[in-house]
Amino acid sequence: MIGELGMAVQEVLSAFGVEVAHLRAKETDFHRVEGFLCIITGLLERDGERKGIMSLELDRKAASLLAGVMIGDPEAFSSEMGLSALSELATMVCGTFLARLDVPLLATPPTGVVGEGLQGILNVMPARKVELRLGEGLLVAGLSLS
Amino acid sequence: MVERYQFSEIVDAFVDAAKEVVTQILGVEVVGQQDGAGDALITFDGVVAVVGFSGAFSGRLLLGIPEPLSVALFHALGGETLPSPDEELFAASEFGNLVSGHALTSINNRFPGSNARPSPPSAFLGKRMVFFNFGTTGSRVILATPYGDMRMDIAFKEEP
């Protein structure tokens with residue numbers, strides 16, 4: 001499924017004219033936060049027991065680049081308008097990702113958090129992640145699903 | 001089906017569940033409660049547990065846990081020394097899981113057919129963390145405990 005998530009991110013970014021130059025996959029023991037801005041969406045199987053977390057994690061440069069593309073102000077990524085735009089991006093990625101899957105999953109509303117020195121464990125399940133290089137910034141899409 | 005006017009009952013279920021879990025785990029009572037409206041941007045210091053839920057309605061629960069309460073939860077859940085950051089995060093996740101589990105069981109009993117289920121709990125640790133949700137309406141509740149004030153923020157997705 002992580003391949004579908006990576007493609008969903010690429011598809012949504014492409015709609016904003018952002019082509020991803022680099023894509024690298026990795027696995028982690030827990031689903032941890034990387035970056036200083038993170039948006040998480042809970043996933044629940046419609047008629048089953050599977051559940052998990054989808055995350056988009058951005059460093060400052062990636063958040064700035066996307067704020068510039070989406071609202072025309074790269075400096076405004078941590079303003080209410082910037083955070084709203086990034087939250088909308090996560091909703092679009094989630095919708096595109098779910099549409100690519102055979103398994104019907106429900107999504108919770110996205111919740112974001114931004115902060116210096118942020119630490120977090122998003123799920124105690126192992127996670128698969130794809131790293132996407134956005135100019136000098138890094139966007140990481142993660143998925144941990146039982 | 002759960003209607004918008006019934007959201008206050010759902011908020012009450014989360015608040016009652018938090019009080020119950022605090023009492024069960026720590027053996028102390030919540031000694032005060034303040035209610036207010038939720039905000040799109042919420043700033044926290046310390047440890048925060050986040051649990052989403054989905055079914056006939058969807059939303060998410062934030063639990064802002066002050067440091068003394070976080071340490072007390074860690075000890076009550078079996079920890080013996082001062083917790084590492086990861087141990088605090090695991091304890092907060094478990095606390096969020098317990099509160100949301102109790103609340104959603106109660107909600108599903110009260111509103112048959114809701115089939116509201118929790119997502120896996122997440123937990124964050126930091127200073128001046130700003131949490132954000134858009135397209136939701138919510139309630140904020142502050143529960144006073146002997147270990148400091150715990151802030152709850154319950155948000156529901158706005159349906160078109």
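Residues numbered from 1 in each chain as written. Chains lettered and ligands numbered in written order. Predicted model: local features only at pLDDT ≥ 70, side-chain atom pairs only at ≥ 80, totals over all residues. Heavy atoms only, no water.

- In the nomenclature of an unreviewed UniProt entry, chain A corresponds to Chemotaxis protein CheX from the organism Candidatus Caldatribacterium californiense.

## Side note on the interface of chain B and chain A
Part 1 of the argument: Contact with chain B, which involves 33 residues of that partner, is made by 37 residues of chain A.
Part 2 of the argument: For the pair chain B and chain A, the summed buried surface comes to about 2,700 Å²; carbon and sulfur atoms form 62% of the total.
Part 3 of the argument: If you sort the residues of chain B by the area they bury against chain A, Arg117, Phe132 and Phe134 of chain B come out on top, with a joint share of 25%.
Part 4 of the argument: Between chain B and chain A we count 1 salt bridge in total.
Part 5 of the argument: With its nearest N and O atoms 2.5 Å apart, the salt bridge here joins aspartate 86 of chain B to arginine 32 of chain A.
Part 6 of the argument: Where chain B meets chain A, there are 12 residue pairs in polar contact (both at pLDDT 80 or more).
Part 7 of the argument: Within the residue set of the side of chain B that touches chain A, elements represented by two or more residues are strand S2 (41–54), strand S3 (59–65), helix H3 (85–110), strand S4 (117–118) and strand S5 (122–132) of chain B.
Part 8 of the argument: Of all the elements, S5 of chain B adds the most residues to the side of chain B that touches chain A, at 10 residues. (Contact = heavy atoms within 4.5 Å. Buried area = accessible area lost by both parts, 1.4 Å probe. Salt bridge = Lys/Arg side-chain N within 4 Å of Asp/Glu carboxyl O. Polar contact = N/O pair within 3.5 Å; in protein donor to acceptor, adjacent residues only side chain to side chain. Helix = DSSP H or I, 4+ residues; strand = E, 2+ residues; numbered from the N terminus.)

## Notes on the packing of aromatic side chains
Residue and element names in this part refer to chain A.
Part 1 of the argument: Using the criterion set out here, one finds 11 aromatic pairs over all chains in the structure.
Part 2 of the argument: Judged by centre distance (5.9 Å) and plane angle (85°), the rings of phenylalanine 36 and phenylalanine 77 are edge-to-face. Linking phenylalanine 36 in the loop between strand S2 (31–32) and strand S3 (37–45) with phenylalanine 77 in the loop between helix H2 (60–71) and helix H3 (80–99), this pair joins segments that are 41 residues apart in sequence. Both residues of the pair, phenylalanine 36 and phenylalanine 77, belong to the buried class. (Phe/Tyr/Trp six-rings, centres within 6.5 Å; stacked < 30°, edge-to-face > 60°. Buried < 20%, exposed > 50% of the residue type's maximum accessible area, 1.4 Å probe, protein only.)

## Comments concerning the environment of glutamate 80 of chain A
Part 1 of the argument: When you line up the elements, glutamate 80 of chain A lands in helix H3.
Part 2 of the argument: For the pair glutamate 80 of chain A and threonine 108 of chain A, spaced 28 residues apart in sequence, the C-alpha separation works out to 21 Å.
Part 3 of the argument: What glutamate 80 of chain A contacts, discounting residues up to four positions off in sequence, is Ala40, Leu41 and Phe134 of chain B.

## Side note on the side chain of arginine 60 of chain B
Part 1 of the argument: Its location among the elements puts arginine 60 of chain B in strand S3.
Part 2 of the argument: Here asparagine 133 of chain B takes part through its side chain, which lies 2.6 Å from a polar atom of the side chain of arginine 60 of chain B.
Part 3 of the argument: Among all residues touching arginine 60 of chain B, those that are not within four sequence positions of it are Thr111 of chain A together with Ile42, Val50, Val51, Gly52, Phe53, Asn133, Asp153, Ile154 and Ala155 of chain B.

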